[in-house]
Amino acid sequence: MPARDAVREGSSLRISAQGQDGETFTRDADLVLVAVGVRPDTSLAVAAGARTGLKGAIEVDEHMRTSLPDVYAAGDRVVTHHRLLGVTWLPLGTTAHKPGRVAGENALGGNRRFAGSPGSQAVKVFDLVAARTGPREHEVLVSGKDWIPATTASSPDDHKAYYPGATPIAIRVTGDIGSGLLLGAQLVGRRGRGDLQARRHRPDRRASLGPGASPAATG
Ligand SMILES: Cc1cc2nc3c(=O)[nH]c(=O)nc-3n(C[C@H](O)[C@H](O)[C@H](O)COP(=O)(O)OP(=O)(O)OC[C@H]3O[C@@H](n4cnc5c(N)ncnc54)[C@H](O)[C@@H]3O)c2cc1C
């Protein structure tokens, strides 16, 4: 829900926002993070005649070739080739530097191909870490692939509960019932735990969902 107003009230900030019922409500906050999103700045490439695609990002193939002869591109301004979903747009450092190396090498006559991004990312908010790799179930449903997603959710402890300091990690895993392909996973846990496990996972690797997975388990 978008915030409408932030007014300083003594040492805190009073935020006004519109709730889902259309009513305005207020909350006091110590800190406000403003997320405005990003969009690709493609003016130079567009002026030169380069074709753009998803979200207005510059179209490139897996060799990072644009639609212009001998012009290669990489980074936030170009579409991202995703290992499972095809063409997406993920403006991140990891999806900028690897295709950047491919673009640079190919511009010098090489023949490298970007293998695609698994869409892995992690964010830390204080000591809470959320990490994901591969698509979530709602992304699978609109992917145009003939996958039938099944999702399981669990929240095991991050280590044996009889040792002190165990905290739960919320884990959600989505796979395709038809092929048994493990598609994506998301983890939320305390610092230094959830992020590592999601990053190690390779969603393009074939893996069994196990006997408990069925469309009824979706959630
Ligand atoms: C605050 C912040 C935090 C981020 N954290 C993460 C993170 O934790 N993990 C992650 O994966 N990604 C993160 N990102 C995203 C990541 O930084 C970008 O996806 C990545 O840097 C994009 O690389 P790029 O080469 O496309 O663009 P940039 O890194 O922006 O490089 C573009 C360069 O071109 C230069 N330039 C622009 N116009 C001209 C011109 N006309 N002539 C010459 N030079 C020009 C700019 O000065 C700049 O140096 C973060 C981004 C921000 C803003």
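Our subject is the structure listed above.
Residues numbered from 1 in each chain as written. Predicted model: local features only at pLDDT ≥ 70, side-chain atom pairs only at ≥ 80, totals over all residues. Heavy atoms only, no water.

### Some points on the site of the ligand
Surveying the vicinity of the ligand reveals the residues Gly-75, Asp-76, Pro-91, Leu-92, Gly-93, Thr-94 and Ala-96. Separating an oxygen atom of the ligand from a backbone N or O atom of Gly-93 is a distance of 2.7 Å. In this structure, an oxygen atom belonging to the ligand sits 3.5 Å away from a main-chain N or O atom of Thr-94. Looking at side-chain class alone, the shell around the ligand contains 3 nonpolar, 3 polar and 1 charged residues. (Near = heavy atom within 4 Å. Polar contact = N/O pair within 3.5 Å; in protein donor to acceptor, adjacent residues only side chain to side chain. Nonpolar A, V, L, I, M, F, W, Y, C, P; charged D, E, K, R; others polar.)

### Examining the pattern of salt bridges
Scanning the entire structure with this criterion turns up 7 salt bridges. Across the salt bridge formed by Arg-65 and Asp-61, the nearest N and O atoms sit 2.7 Å from each other. Owing to a relative accessible area of 26%, Asp-61 belongs among the partly exposed residues under this scheme. Note that Glu-62 and Arg-113 form a salt bridge whose closest N and O atoms lie 3.1 Å from each other. Placement of the pair is Glu-62 in the loop between helix 1 (43-47) and strand 4 (80-82) and Arg-113 in the loop between helix 2 (94-107) and strand 6 (121-125), with a sequence separation of 51 residues. (Salt bridge = Lys/Arg side-chain N within 4 Å of Asp/Glu carboxyl O. Buried < 20%, exposed > 50% of the residue type's maximum accessible area, 1.4 Å probe, protein only. Helix = DSSP H or I, 4+ residues; strand = E, 2+ residues; numbered from the N terminus.)

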